[in-house]
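# A look at the structure
Spelled out from the first residue to the last, the chains are:
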Amino acid sequence: MKPSYIRIPLFLLFTGLTLLASNAAIAAKKELRLTPLQNFNFIETKKNGFLLIELATTSAASSLEISRLDKKADNYTYTIGRRLRTDYSVNLKNLNNGFYVADIPAGLYQIKEVTAPLYNLPYRIQTDGRRIWRVSIEEAHINYAGRLKIEQERSVNAIDVGLINRFSQSLPELTQHLEKASVQTPLRIGLGYRDDFYQELQQ
Amino acid sequence: MMKTPRRLNKVLFLFVSILISVHSASALEADDFFNGGGLSTAVMNPNGQWVALLSFDNKHQRIEIKSTDLSQSLTLLDTKTFTDHEKSTISSMLWLDDNHLAVQYSLYREGIHQLKDTKVRHDLLIINIPQDNGKLLQTPFEELDIKSVRTSGRLVNPLEETAGEFLYAKNGSTSKIYRLKISLLNNYNQKLNKLTRIDGGQFTKANEIASINGYALAWYSQSDQPKAVLSYHSDDELILNYIDENSEATVLYSWKNDKVLSEEKDFFPIALADKANEFYCLDLNEDIERSIYRVNFKTGDIQLFYQTSSYKITDFIADDDNNNIYGVKVLRNGFIDFEYFDATETANAKDETSAQEKAELNLRIGANYSSQYTLAYRITHDEPGHYLLIDNKTQKSKLLGSRYPAVLGKTSSQLIEGSVAVDDLTIPYLLSLPKNASTQKAPLIVMPHGGPIGVHDDRYFDLHSQFLVEKGYGVLRVNFRGSSGYSEALEKAGTKQWGDGMLRDILEATKKVIAMPEVDEQRVCIMGFSYGGYAASMLLIDNPELFKCGVNVSGVSDLNLHLNAHFLSSSVDEWYKEQVGNSLIDYDQLKTISPIYKIQDLQRPIFVIHGSQDDIVDVEHAHRFKALLEKHNKPHQWKIYPDSGHHFFEPEVMTELMTTSVEFIDQQLK
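Throughout this description, residue numbers start from 1 for each chain and increase along the sequence as written. All chains are assigned letters beginning with A, and all ligands numbers beginning with 1, in the order in which they are written. Totals for whole chains, interfaces and linings use all residues, but because this is a predicted model, local features are given only for residues with pLDDT of at least 70 and pairs of side-chain atoms are given and counted only at 80 or more. Side-chain metrics in this entry use all non-hydrogen atoms of the structure; hydrogen atoms and water are not considered.

### A closer look at the state of the cysteines
Residues and elements named next belong to chain B. Pairs of cysteine sulfur atoms within 2.5 Å are identified as disulfides in what follows. Taken as a whole and assessed by the stated rule, the structure comprises one disulfide over all chains. C525 shares a disulfide with C549; S-S distance 2.1 Å. In this structure, the disulfide formed by C525 and C549 twists by about -125 degrees around the S-S bond and is classed as left-handed. Taken together, the residues span a long stretch of sequence, with C525 in strand β35 (residues 519–529) and C549 in strand β36 (residues 549–553) at a distance of 24 residues. Relative accessible area serves as the criterion here: at 0%, C525 is assigned to the buried category. For C549, a relative accessible area of 0% translates into the label buried. The secondary structure listing takes helices from DSSP runs of H or I that are at least 4 residues long and strands from runs of E that are at least 2 residues long, numbered from the N terminus. The buried label goes to any residue with under 20% of its type's maximum accessible area, the exposed label to any with over 50%, and the partly exposed label to all in between, with areas taken from a 1.4 Å probe on protein chains only.

Structure (structure tokens):
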């Protein structure tokens, strides 16, 4: 048994570390800024990749909350065994539809929540239990994360939300953009599941 | 059981012979087949004066009243004009007495995907037929005398013999049946004030007919009397009660306390059968409700009774006593449709080789009280379903309408049913041939059905295959493993056989059929929708010596992409894992049975067709197909319909789709 005089400092230390950790968790939530593809400057940095997302929304003030699950981009079998913290928030307010890019550390991510206010009603959908809301970011790659659809229909008070793999459909337009900007960074499909289509197309 | 009288068969045969003899020999075009309009069902009032006809058009439904001598008619209700912009459907109609038609009408308000359910408002409309001394009066719908029941519940018995009254069930912690008078109900959409009594204040003890503790999910009546009730109780108990002559309820089966009837199935009684303790049931565990079972809740005897080839069963169609079933209401092309069968046949023939249906169906579906008139339904393999009014005194028949009026009496084909042995299974097939195939070999189009699990092609008139027959093709439809309609063993054999056994079944049936003298083995093409499109692509790639071309409509091209589709619910995701495979574990194997990863082996032209709004197989599949076809420089056509979904409900789109498909096939097989 340890002498009692160090119990108090240990307790205080533990408490302090817990508080620091929780503060760190809060502080860890960063805003991920999306830049239109045509304005983005692809400068590769160590351990980072580029998230490419296509917005197709009719919602004026949507946002996403994202959690990093694993450092490995291709750990597709990753099982969530904990409550996810929010590592990044993405504000989609006033963004036009089209392709957007963000610089982000490589790894496997989970979009855990989508907020899409329906006129005067707040609307949130929890997506943390669904693999199809995952994004895979590989270092030094442009990672196509899908088409984010958030559609509102006033006449029927409806919102349709989905992250859709439309890589092939979007590829001609995407290629045109990248070639125009002379981007050399390789493109890959970066949804949260294995998808060999682009490799097959390139072979 | 309701049987078709021999005399009726004779009359129907004579009538149809006349009908066919007068048809012109003019060539039918795609818009004759796919124009989207037709008659769904017909009901006759008790005195045989009027017939109500429910028709569907492209995007709306219409109820028309005709006099039985067909000299008068009026449009009573049209969903196109009855509401402004929201989707509405008529799911059923029946006569309450000689002058009142009850119409179950639903108004859909779309919900929020993955958040809010679609809201549906159900109205029971009771429409007084506008007439003056037997003369129908054309009346705008705003001026129709329409009553409705505002209290939540359902019509349980029309009491046809008692004019102006019917039985209505109201649910709550105690559920009751009331006898209501039509005349006391409020007008439809009438604004209520403090002085207005809702539904005429009729939900009182004095009007009560039966009562049960618990929330009644369904009442089952016979000869105007409730005979059983399925009720839900606060302690999570679901109970099926029998009701005796003294209105006393006794428990027949408790889902909580009694022995489970089946480990795999969860039976939900829909209607009384004609034997004690027996009910017609749906299986709630079935992926999509397509099967009816007869279940004895006392002995536990279970019998598969009927399986539809349509998308989903929503209700039963029974006779006035409510215990002779002769049809089902189904979802087809987004509408409630009416499908009839011979109940005496469906109870038999449950093996892999024999389907449930007779070669042709002549069915009595109604009669007036004096039995002067019979309402009949007839369908064969080459005649679309149609409704006849038969005057039993004069033996004369009158045509009321058809499911596909533009082609009735103008189509013909020869149907050959056969089977082929594959592995340990007997695989049934249906071969439709042009009438002249015995003198001139017919080129063949193989048409695997969609689904693929729990779906089948039946013997009766099939719009797409008959269209192709009219264009001079033989059409082969194979009920490969996984298909319903024959035996549970055949259906179960489809598990995880998407890219293997199912394709071999289609291939072996094709090989057998092309050896027949009526079929031109040098001119064979394969075309399919949904799974059929997938199968067409796979078989075309693997068998270029057999198939000269392929048409893939709404087909999966990349199985892993399909299994990771954004719209899959958790339950569907689980179902796919069991029936097809798990993309996380079986990725490489699923890739080997995905057409786009085999395109380098494609040797024959393919036509890929898809709808951009497809929420069953995403349009990305067609884009991937195109990208790889172009990469490998393979001959192909490709067409995307921007406003269409998986089923191409729009008549003009389906017309164009079938026309261009035939042009493509003609070109490849000329």
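What follows picks up the thread again.
### As for the packing of aromatic side chains
Residues and elements named next belong to chain B. Centres within 6.5 Å are what make two rings of Phe, Tyr or Trp a pair, Trp counting through its six-membered ring; a difference in plane orientation under 30 degrees is then read as stacked, over 60 as edge-to-face, and the rest as tilted. Summed over all chains, the structure comprises 34 aromatic pairs over all chains. Both rings, one in Y220 and one in F279, keep their centres 5.3 Å apart while their planes meet at 75 degrees; by these two values the pair is edge-to-face. Taken together, the residues span a long stretch of sequence, with Y220 in strand β16 (residues 215–222) and F279 in strand β21 (residues 278–283) at a distance of 59 residues. Arranged with centres 5.8 Å apart and planes meeting at 80 degrees, the rings of Y641 and F648 form a pair that is edge-to-face. Taken together, the aromatic side chains of Y220, Y253, W255, F279 and F297 make up a single cluster linked through ring pairs. Consider the ring centre and the ring normal. A charge sits over the ring if Lys NZ or Arg CZ is within 6 Å of that centre and within 35 degrees of that normal. In this structure, K626 packs its charged tip against the face of W638, placed 4.5 Å from the ring centre.

### Observations regarding the environment of E139(A)
Residues and elements named next belong to chain A. With respect to the helices and strands, the residue E139 is situated in the loop between β9 (134–137) and β10 (142–153). Residues E139 and P105 lie 34 residues apart in sequence; the distance between their C-alpha atoms is 7.4 Å. In what follows, residue pairs with any heavy atoms lying within 4.5 Å of each other are defined as contacts. When neighbours within four sequence positions are excluded, E139 is seen to be in contact with K47, N48, G49 and A106.

### Regarding unusual backbone geometry
Residue and element names in this part refer to chain B. Between G451 and P452 the backbone carries a cis peptide bond, its omega angle lying at -5 degrees. Structurally, P452 can be placed in the loop between β33 (442–446) and α5 (463–470). In this structure, L70 is a non-glycine residue whose phi angle is positive, near 65 degrees. On the secondary structure map, L70 appears in the loop between β3 (61–67) and β4 (73–78). You can call L70 partly exposed: its relative accessible area is 32%. One non-glycine residue with positive phi stands out, namely Q395, at about 65 degrees. Secondary-structure assignment places Q395 in the loop between β29 (386–391) and β30 (396–402).

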